[in-house]
Amino acid sequence: MKEVSQQFDVATNFVGMLEKDDNMSPGIAAIKTLLMVLEKTKFDTVQEFHSTIQAAVGAMRKTDKPMTSVVSGTELFSRFITLAKFDDKTMDEVREIMLSRGKMFLEKLLESRNVIAKQAITFISEGCRILTHARSRTVREALILAAQNNKRFHVFVTHSAPDHHGEQMVSELEKAGIDCTLILDTAIGYVMETVDMVLVGAEGVVESGGIINRIGTVTMAICAREMKKPFYALVESFKFCRLYPLNQRDLPNEYKYNQKNLKDTAKVHPMVDYTPPGYITLLFTDLGILAPSAVSDELIKLYL
């Protein structure tokens, strides 16, 4: 395995990107970090490339940042940049091809939120009432785009204990001129009967079409189905992951807990939960608007 330049610390760079840009997804930060590794490292063989990339991903997975999109995003990135034919190329040429494909892959991903927002706003009608959970950057972009298209609506945002990201979401939406109400997490049932739809983001989409998202999402989804409210998830395709959980226990612990808490999870609050596909009405993605049952087919296409 080739050593990355000593001046470049993978984990520090990854965490620094996220702290510097609050709007960046951990998955995007991970892909940008891998591109920097590719730029700063020379390889003698493709095997050395794979070993170095795996080591870089391992370093990022040891940080305390959410891991779901890091794992799925870096897997797709590595697969995409190695799909080209390298038989008659020198390693310098191979590296340049990988860099070019990696930058193209990243550029496409950076457009994902805008593509999803344009799809979602067709479902937001004048005067509707929307419930959302915590702070999803993708949901926020869709709501702001709807407001920019002169649609008036009201958004209920959960407080989202223990980190209270809902407060930040409300502040950002109000700055965009959107009427909001910050509600207690325990008020979901009370508010649900008054809303027209639920919009949530996701940290990951599993093979069954279910989603991994901030803790409390499955509670909201169960309540929405009971009260016959549509439950929509807005999520980028780089978050599609090769997992097939049947229940909460099936989620990997590194997705549910911070790295520092992995040794003893018995008394630790999980960060995410799993919402089964039966509770999800539609998924708005950069690949199109999908029923949960269509996710497995899209995953096959992504990993072919």
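Residues numbered from 1 in each chain as written. Predicted model: local features only at pLDDT ≥ 70, side-chain atom pairs only at ≥ 80, totals over all residues. Heavy atoms only, no water.

**Points about the domain arrangement of the protein chain**
So, step 1. Once the domains are mapped, the protein chain shows domain 1 (10-112) and domain 2 (114-303).
So, step 2. Domain 1 and domain 2 are separated by 26 Å when their C-alpha centres are compared.
So, step 3. With 23 residues of domain 1 at the interface, the matching set in domain 2 holds 25 residues.
So, step 4. When the two sides are added together, the surface that domain 1 and domain 2 hide from each other amounts to roughly 2,200 Å², 49% of it contributed by carbon and sulfur.
So, step 5. Taken as a group, Thr68, Leu76 and Ser112 account for 29% of the area that domain 1 buries against domain 2, more than any other trio of residues on that side.
So, step 6. Summed over the shared surface of domain 1 and domain 2, the result is three salt bridges.
So, step 7. A salt bridge links Arg242 to Glu75, with the shortest nitrogen-to-oxygen separation between them at 3.6 Å.
So, step 8. Mapped onto the side of domain 1 that touches domain 2, the elements with two or more residues apiece are helix 2 (26-40) and helix 4 (68-81).
So, step 9. For the side of domain 1 that touches domain 2, the element with the most residues is helix 4, which contributes eight residues. (Domains from an automatic or database assignment. Contact = heavy atoms within 4.5 Å. Buried area = accessible area lost by both parts, 1.4 Å probe. Salt bridge = Lys/Arg side-chain N within 4 Å of Asp/Glu carboxyl O. Helix = DSSP H or I, 4+ residues; strand = E, 2+ residues; numbered from the N terminus.)

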